[in-house]
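These are the residues of each chain, in order.
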Amino acid sequence: MAASLVRRDKKSTAAHLKADLNWTDNSSGVRQLQELLDSVLNPEKPAADTEALDWCKCLIAGGEGFEEFCKTVRSYDNATLCGLVWTANFVAYRCRTCGISPCMSLCAECFNNGDHTGHDFNMFRSQAGGACDCGDSNVMRETGFCNRHRLRTGENVPSVPRDLLLMSEMVLPRFIICIIQYLRDGYTEPDTSTERDLQKVLQQLEPQISFLEELTKMGGAMRTVLTKILTNQQIFKDLSMGQEENVYAKKNYEKYLSALKNSGLVSVEEKAQSGAAEPTRGAEAGAGAGALGLLGAEAPASPDESNKEEDQDGGQSVGQRKRVKLSSTAKDPSIMDSLKHKCFLEELLFWTIKYEFPQKMVTFLLNMLPDQDYKITFTKTFVQHYAFIMKTLMKSQESDTMSNRIVHISVQLFSNEELARHVTEECQLLDIMVTVLLYMMESCLIKSELQDEENSRHVVVNCSEPLLKNNTYWPLVSDFINILSHQSVAKKFLEDHSLLMLWMSFVSFFQGMNLNKRELSEHVEFESQTYYAAFAAELEACAQPMWGLLTHCKVKETQEYTKTVVRYCLETLQIWFDAIGFVDEPAPNQVTFHLPLHRYYAMFLSKAVKCQGLDLDSLLPHQEMLMKIMVHPLQIQASLSEIHSNMWVRNGLQIKGQAMTYVQSHFCNSMIDPDIFLLQVCASRLDPDYFISSVFERFKVVDLLTMASVHQNAVLDGEQERPMLEGALTFLVILSSLRIHLGMADDEILRAEMVSQLCMNDRTHSSLLDLIPENPNPKSGIVPGSCSFEEMLSAVADFKAPVFEPGGSMQQGMYTPKEEVWEKEFDPIMVVLRTVYRRDVQSAMDRYSAFLKQSGMHTTGNPWPPYKERTPLHPCYKGLDRLLHCKTLHIVIFTLLYKIWLDHSNMSEHVLCMVLYLIELGLDNQVQEDKEDEEPCIEEHCHDSWFPGTNLLSNLHHVINYVRVRVPETAPEVKREKDPPPSTSTEASNFGQNVREAQVFSLVAERRRKFQEIINRSSTEASQVVRPKSSSTRWVPPGTPPQLVTEILEIRESMLSLLIKLHQKLSAKQNSLSATWLEDMETNSHAHGDGITAIERILTKAATRSRQSKRSIQEICGKVSPPVAPKKNSPTDKKTMDKDERRQRARERQQKLLAEFASRQKSFMETAMDVESPDAEAAMDLGASEVMESEVLYDCVICGQSGPSTEDRPTGLVVLLQASSVLGHRCKSDETKKLPTTDDEHIYPADTCGAAHDVRLALMQRFFKDSSCLQSVSIGWEGGVYVQTCGHTLHIDCHKSYMVSLRNDQVLQGFSVDKGEFTCPLCRQFANSVLPCRPGRSTEVVSWHMPTNKKTAVLVKEVEDLQEQLGLFPTESNLSKEMESVIKDIKNTTQRKYMDYGKNPGSPDNDFLFMYSVARTNLELELVHRGGNLCSGGASAAAKRSCLNQLFHVLAMHMRLYSIDSAYNPWTRLTQVAQRRDDCLDDERPEVPMLFRDCPSLLIIFVLTMPQPLRKEHFICLVRMLYNLQYTQALASLSAKFSPEERQAWSTSGALKKNAFDAEKSYDALLSHVIGELSKVKTVYDVNPEVPSMLSSSVWSPHSIEYSLQQFCLPYLRLSCLLQHHLYGDKLSGCPEVEEFSGLAGCLGLLAPALQPSNPIYSASCLDWTVNAFDLMTQWCSEVTGLSDTQAKKSITLLVQDPQWASPHLLHLPDHYNIIFQYYHKKACTACKKVPKDPALCLVCGTFVCLKGLCCKQQGICECVLHSQHCGAATGIFLLINASVIIIIRGHRFCLWGSVYLDAHGEEDRDLRRGKPLFLCVERYRVLQQQWVSHTFDHINKRWGPHYNGL
């Protein structure tokens, strides 16, 4: 039966079966269908056979066409969600204003149909794929829905008729099991299948899965059917096993079961082993999984293999891994065991994972999500497979792709709070996630080497494992962060203590990872780059979840959560300290930047105090624990300083990289900020003396803090002492003044961050957004760029709009700090904390100084960093101020002041600055004196003799008399002791008691030992009493070398007296402070200034706060004496004076040198660059400027000699030759063409100058003699050669040796020396040839310019004679060789197709045409650069670049080789009425009639072919004769535009004037004559009857005729005038545009100067006929009328020409970039019909091309390069659609130009990364166009690279 059905027609069978099934008793129909399906859907057939698919389509459609069926089903679509699924690289939108979840995204259609005006939205390229959320109110606000989903059109759809989907319900289950059978069959056991095999299976299944995807797109009705099938357990049971008799199905089922075996977290074999070990198999038995660490490895196939594995693993000595106990709440051990499937959906997902998430399957599964029932079931299934996903991910070769696909799915599921909560409650989602993460990390643990390497029990992740290096963990972590962003889920997590504990053990895997050990002997061989992985892991796996949790601990009600977390942090920390065997001293020379446990603790503490009102002390551990906690963060701070002091230089650059990343804006608030906060907490609770001494000890500068002038440092080199001391002091300043976690409000923090970033540099809006540390958890919903950011920005900064100098760099809109910010808010401490590069601190200070100078607040010397008042401390942290009021710190301050005063080595201004800062902080933050606390501890302070108490204010004026120091015998202090000094010994005994305290810091070690003992006595752990002595005295040189002796110094200073002496020293005056200065001070001048101001400010503060200090100050000032070193007269003092004087002199010398240098530079810039100044003209107009001297002299910029250019040693101009099509792109109208942005708009290239000239030449060549055609027009409108120079000259032989040296120098990349390219040795402009200068004798110049009185007729004859002279071949010389080689360069500059226009390529005529066209191109381009006319006269930038004079000589020399055959010489036809010659043979084509010829071309030909130098009178004669022709052409062209009636009228009116005496100079007479002559033949005026009709509407008045004649002749006059300017150096005088015609005519001598310009000028009055005008015109017209009819018909269009062209423009672009983007980014390429990956647009002609596309490659050249050759003669300007950037292609090089579209803040958005709306920046576009027209891309853009034809 089935067989017969299969053979029948599909459609009728389907219809018949559908009818059968609709009966009430449908059993026979069901049986028939099943039999048919058995044979059709037989999985043993190859999957590629599409027959089965066709059957399914027909059966499902039940006999209709499948397309119609789809339409019908769609009409019942009841979906209210969009749910469109997209894959990576799709362009989607995100609107923060409408989104509830930060992951919200919309497809372009829904976005554009919704209303988001004024919202904070951006466009983005999807990284992992996603789905449109429109219509889902869980994820976004309804106001943002598009019209379709807001109206919920889906809800009122009629219900689906039963029979419509009946067949689908029967057929699809069989279809799905068929797919599953294929998938089972494709899997090979045990997992040996390679990537390729899996790919093959998937490829074959492509059509089937696409069909499923198609079904999901039919809408809600079909999705409901699919959901039923996919989730129905009964269907699965019936079909999954396969029928008994089917062997194939059975085999596959077994494959499936074996694939399932290892899908749990624990593989079966492991289970067997752990089962044997632990007979009690409860929920935890499976938790032994970590024990073998086999997760990463494939599950072993046989027991013996597993033993091998175990041995290997034990070999790494990580066998004793901590077992991870599963939290007791995980009632469901299923995550451990193999999976069991109950429905199709589960098995489909299983295979999707097994096959590593094929895109099609993912899309199918996601397309089903709009169905609610499906969504819930699918989410549960996904969670159930979570462990299996992790195992597959870790094995995968393509983990990147797979990660993206996983997240593509999970983000759709977990972003929905309802769903996430549901799964958390029902499926233990949190347990599963944490456990899976733990297992994942367990696969790559190694023993920690921190602290006690041998006995450490701590394990950390190994950052060089692929798991971390490739970020393989991120999909799982990202899911975890995502679900923690939901309050309900986070609360569950925080309430579940066992889970928290598990999480803490997970975090502790990262504690201390990537340990750095300082290399002491030699440079490390291999710089590991693992730190990237380490920082990324801490940020993503530890910090982001932490921030996620913190967002839910904001209010009092959540106190309990915080307490719990803090408790577990401390417990885990304690475990960690024990595991690494830490007692009290960190191991030397090692540092890890990763302390996530410390940071969790710190951040939760901060939150607790700031937001939850908890008392800090209730959360702190006992003192000993605090001392331990402080050690590692302090170690990091000291190491930062060491790294910057180059002590870690042998570890390579990567260690600097770590130090920079640690403070970098994305990491700082998860790393350095919590660390500093934690240290602040410790400092506020520990004994301040202990803390301060620990700091100096960690920073290794204890030995430096001695009064002696010489000391020994056991741990630092000399040059490291100063930076380390600066580091320690700066750290103390930061510690005591930073308030980020100690009481600043969020707004204040934002403001401070913003100010510090802006002070370093002006910033763009986006870089500022990026640099302000925000909460790094992207899903926390705290958005940077919320309105407070904008408000704050406008409060602290001014916007500087970008300015555009042509030739300047492309600037962006910048924000710069307001003046009052500099004045009141600049905080150098915050800047130091936030700078990644040390140079930024300097930059901030420079900007600050510049501000002070400008505002006149401080003009002399370098200002010091200003001191800034601080926000008051939060009461909890008041203890921090005790740091500033402890004796240890005061002793250090005293010592340092003393050392600076005496100029001891390694002191610096920075040290003094920080010391003063600390004093001032102490004065500003007084501690409330608690007397009863103070008393008892004084006894045990063994150095009371230094200072009486701890208060800084009272210690300031305490005088210290004697100090005992240990110094080497060689120290100067010792030398003096050798002469028996009279009183020292007695004094020593007197003050013996006072001097006990001599060595401050050996005492520190005592203190620490003491402290340790106190703690140990109180603590029960007696085992840990004191460590062996050897290590506690580490900082004292071992055994104290014998040469140290104890000396006693007499000091007799107090801090105040030292300050006053320093004031004198800085101001270099004795008695700089008079006794009464305190009274005279105005207090306000203190805020800004240098060290002097700072000292005055401190003294004033001290005086106002304590009367005692005030008295002391006055006393000291009264009896001030010069600084005296103890016990000896002061050679040091003299030395310092000398030193200062020397410094002063050196400074003056330097100033002088700099000034000289600057003036030199300035003069160079003026001569070298395109400065718009007329002075530089002179150098160019070589003819004019040097009339007096006999010979022109040139300077060679290589050898520096000056001299004339000679035949033997020619000099040349540095030039750049480039092909250009700019002229060819000009149009008639001034209106620029618009870039098409819809399908209806087009650009037609036919109306461009290039196209018009091509048509004209082609027409001529059809009818006239080729050689004559080639002299009647110019080419070079497209691909013409443009020559420009920078104006510098060099000897050609020097240039050759320069080129050789460039060729040997391989470093130069930007250009290709082999192609002759180089940069000018002087101004570095790009060039590629040298144009020889003609040896000039300016004696002739005088006679050249002589005004002439000869009659025109005489001149005409002279010209004719000159033309008859044969060109002499130049003698062979170096000069002529060079000229030839330049000609060769010129020819090589452009492509062949732009040179060969003749019928026979390579003929002399062709060459001739090309040569004179080069001259034409350069003249025309200069006209364009001057704005299209010569009205501005004078100099222009273009004139400076032009080298027409030299170019003309080179071309002329070349063209003299061709003499014009006198028989065809156009000159005779211009100036003589010829006797009719009838000897012309009929077969030969006629010459081109004079009226069709191009006058400017003729002029150039004449000039170039006549003997050089040409006298000016002859030149003027040429111009006049050609003007007659040009004028006649104008009349003819004009007459053709008249209507026949008008023509008649003008003809008759003009005929009357013919006999007047000035008839030859009156336009009406001449016009009527031309009309009469041309009317003799009918064809002339009847050719194009459509032309007149257009123009006939306007009536021609004499005025309009005159105007159009002038316009017609103007281009010719401009060109002649410019040529005259270059050949003879005549000045171009400017004139208003209305008078341009008369101005030019006067300049060319066509007009007698007697005529006052006040009368209107008639163009006819410039005519100058040597023979009868009417005869000559008749002759010219007869050439046209004499043509045969066919020729005349066509060629008459040549008569109506219009030489006027508008200036060249790029296309007109729309204001909004989005318009271009939306139209073009999906547009298919016209050539290959595919949507290009990188589409680009030519901005010159609008062509759409594939950038880098292999599809459109021809002969190995990609499309952009090809187009640039075709459209711009190798210059192309392309807009890259997907990047908004413009690239320039110039020949074989290209560069990124920048973007002409900027966002609202004046910034580019390259690659559309930010996706904000972009707007056209008109100025930038103008600059681009100007660079294109002026051919200056090569000079202005610096970064060129070769494109190898690959663009």
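Procedures and definitions
Counting of residues starts from 1 at the beginning of each chain's written sequence and follows it residue by residue. Two thresholds apply to this predicted model, a pLDDT of at least 70 for residue-level local features and 80 or more for giving and counting side-chain atom pairs, whereas whole-chain, interface and lining totals are computed over all residues. Just so you know, side-chain values use all the structure's heavy atoms and leave hydrogens and water out. We treat two strands as partners when DSSP finds at least two bridges between them. Note on conventions: DSSP H or I runs of at least 4 residues are helices, E runs of at least 2 residues are strands, and numbering of each starts at the N terminus. In this analysis, two residues are considered to be in contact whenever any of their non-hydrogen atoms come within 4.5 Å of each other. Note on geometry: axes are C-alpha line fits, over the in-contact stretch for helices, and angles between N-to-C directions span 0 to 180 degrees. What makes a salt bridge here is a side-chain nitrogen of Lys or Arg within 4 Å of a carboxyl oxygen of Asp or Glu, nothing more. A 1.4 Å probe rolled over the protein chains alone gives each residue an accessible area, and that area as a share of the maximum for its type sets the label: buried under 20%, exposed over 50%, partly exposed in between. These descriptions rest on fixed angle ranges, namely under 35 degrees for roughly parallel, over 145 for roughly antiparallel, 65 to 115 for roughly perpendicular, and the rest for oblique. Take the far helix as the reference: if the near one is turned anticlockwise from it by less than a right angle, the crossing is left-handed, and if turned clockwise, right-handed. Charged means Asp, Glu, Lys or Arg here, nonpolar means Ala, Val, Leu, Ile, Met, Phe, Trp, Tyr, Cys or Pro, and polar covers whatever is left, Gly included. Whether two aromatic rings pair depends on their centres lying within 6.5 Å, for rings of Phe, Tyr and Trp, where Trp uses its six-membered ring; planes under 30 degrees apart make the pair stacked, over 60 edge-to-face, and the rest tilted. Any Lys NZ or Arg CZ that is within 6 Å of a ring centre and within 35 degrees of that ring's normal is treated as a charge sitting over the ring.

Caption draft 1: Structural detail: the sheet that holds strand S25 (residues 1789-1794). Pairing is antiparallel in the open sheet, where six strands are placed in the order S22-S21-S23-S24-S25-S28. Looking along the sheet, the strands with just one partner apiece sit at the ends: strand S22 (1744-1746) and strand S28 (1841-1842). Inspection of the sheet shows strand S23 (residues 1771-1776) paired to strand S24 (residues 1781-1786) by six bridges, in the antiparallel sense. Residue pairing for S24: Thr1771 is matched across the bridge by Arg1786. Along the sheet, helix H79 (residues 1818-1829) makes contact with S23, S24 and S25, crossing S25 at roughly 155°.

Caption draft 2: Geometry of the pattern of salt bridges. One pass over the structure, following the stated rule, counts 61 salt bridges. The salt bridge involving Arg1614 is made with Glu1636; its shortest N-O contact spans 2.7 Å. Of this pair, Arg1614 sits in helix H73 (residues 1598-1624) while Glu1636 is found in helix H74 (residues 1636-1643), placing the two residues 22 residues apart along the sequence. For the residue pair Arg1614 and Glu1636, the accessibility class agrees, reading buried in each case. Several salt bridges converge on common partners, so that one network encompasses Glu869, Glu920, Asp924, Arg1097, Lys1101 and Arg1105.

Caption draft 3: Geometry of the pairing of strand S2 (residues 91-95). Burial within S2 is extensive, with four of its five residues counted as buried. The pairing of S2 with strand S4 (residues 121-125) spans five bridges and is antiparallel. Directly across from Val91, in S4, lies its bridge partner Arg125. Note: S2 against strand S3 (residues 106-107), two bridges, orientation antiparallel. The partner of Tyr93 across the bridge, within S3, is Leu106.

Caption draft 4: Quick peek at the packing of helix H18 (residues 372-384) against helix H20 (residues 399-414). Contact pair H18 / H20: the axes reach a minimum separation of 11 Å and the direction vectors enclose 125°. It follows that H18 is oblique to H20 by the angle criterion. The handedness of the crossing between H18 and H20 comes out as left-handed. Note on element contacts: H20 touches H18 through Ile406, Ile409, Ser410, Gln412, Leu413 and Phe414, opposite Lys375, Phe378, Thr379, Phe382 and Val383. The residue inventory of the contact of H18 with H20, partitioned by class, reads seven nonpolar, three polar and one charged.

Caption draft 5: Here's a closer look at the pairing of S25. Where S24 and S25 come together, five bridges link them in antiparallel fashion. Across the sheet, the residue bridging to Arg1786 is Arg1789, located in S25. Hairpin connection between S24 and S25: a loop of two residues separates the two successive antiparallel strands, and Gly1787 in this loop has a positive phi of roughly 60°. Inspection of the sheet shows S25 paired to S28 by two bridges, in the antiparallel sense.

Caption draft 6: View of the packing of aromatic side chains. Following the criterion strictly, the structure yields 55 aromatic pairs and no others. With a centroid separation of 5.9 Å and an interplanar angle of 75°, the aromatic rings of Phe1408 and Tyr1412 are classed as edge-to-face. Residue Phe1408 and its partner Tyr1412 are located together in helix H63 (residues 1404-1425), separated by four residues, close to a single helical turn. Geometrically, the ring pair formed by Tyr1719 and Tyr1720 is edge-to-face, given 4.7 Å between the ring centres and 75° between the ring planes. Of the two residues, Tyr1719 and Tyr1720, neither departs from the other in class, the shared state being buried. The structure contains a cluster of three or more aromatic residues connected by ring pairs, namely Tyr253, Tyr256, Phe350, Trp351, Tyr355 and Phe388. The positively charged end of Arg184 is found above the aromatic ring belonging to Tyr256, 4.5 Å away from the centroid.

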